[in-house]
Amino acid sequence: MDGLFEYLQSVEGGSGPQLSSGQRVPAHMYADDIVLTSTTTKGLQRLINATAQYCRCKGMPISPAKTAVVVFRSKSHKAAWEHTWTCDGAPLQQCDT
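All values derive from a computational prediction rather than experimental measurement.

### Description of the packing of helix 1 (residues 4-12) against helix 2 (residues 41-57)
Piece 1. Packing of helix 1 against helix 2 brings their axes to within 10 Å, and their N-to-C directions diverge by 135°. Here helix 2 runs oblique to helix 1, going by the angle between their axes. Considering the relative orientation of helix 1 and helix 2, their crossing is right-handed. Where helix 1 approaches helix 2, its residues L4, Y7, L8, V11 and E12 are matched on the opposing element by G43, R46, L47, A50, T51, Q53 and Y54.

### Here we look at the pairing of strand 2 (residues 33-36)
Piece 1. Bridge count between strand 1 (residues 27-30) and strand 2: 4 bridges; the pairing is antiparallel. Its bridge partner lying in strand 2, Y30 is registered against D33.
Piece 2. Where strand 1 folds back onto strand 2 in an antiparallel hairpin, the turn is made up of 2 residues, including A31, whose phi is positive at roughly 55°.

### Let's talk about the layout of surface pockets
Piece 1. Looking at the largest pocket, its volume works out to about 970 Å³.
Piece 2. In terms of lining, the largest pocket is formed by 32 residues, of which the most central are I34, V35, L36, T67 and A68.
Piece 3. Secondary-structure elements contributing two or more residues to the lining of the largest pocket are strand 2, helix 2 and strand 3 (68-70).
Piece 4. The greatest single-element share of the lining of the largest pocket, amounting to 5 residues, is contributed by helix 2.
Piece 5. Per-class residue counts for the lining of the largest pocket are 19 nonpolar, 9 polar and 4 charged.

Thresholds applied
Residues numbered from 1 in each chain as written. Predicted model: local features only at pLDDT ≥ 70, side-chain atom pairs only at ≥ 80, totals over all residues. Heavy atoms only, no water. Axes fitted to C-alpha atoms, helices over the stretch in contact; angles between N-to-C directions. Helix = DSSP H or I, 4+ residues; strand = E, 2+ residues; numbered from the N terminus. Parallel < 35°, antiparallel > 145°, perpendicular 65-115°, else oblique. Left-handed = near helix turned anticlockwise from the far one by under 90°. Contact = heavy atoms within 4.5 Å. Pairing = 2+ DSSP bridges. 1 Å grid on protein atoms, 1.4 Å probe; cavity = no way out; pocket = protein on both sides within 12 Å on 5 of 7 lines; lining within 4 Å. Points joined across faces, edges and corners; volume = space filled by probe spheres on them. Nonpolar A, V, L, I, M, F, W, Y, C, P; charged D, E, K, R; others polar.

Below, the structure is given as structure tokens:
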């Protein structure tokens, strides 16, 4: 996954939690696992799309069946709960916290 973190920062640098340094962290990675983080629904969908595009270009397509979205906000935040999350056009499972 060399280069993915830098790619995500270049295309969606405004997503993810903000560190005390001011830098935003759009992704956390370990081996072949990736956690995308965003403070907005649109930002997370853009990160999913960018990750899928990057992986496709590297010959490593993402398996939507092995991919899920977890929203860490109250259910009153309707935009995230009502959004249909997709990866390469395939719907993604949304897990309840």
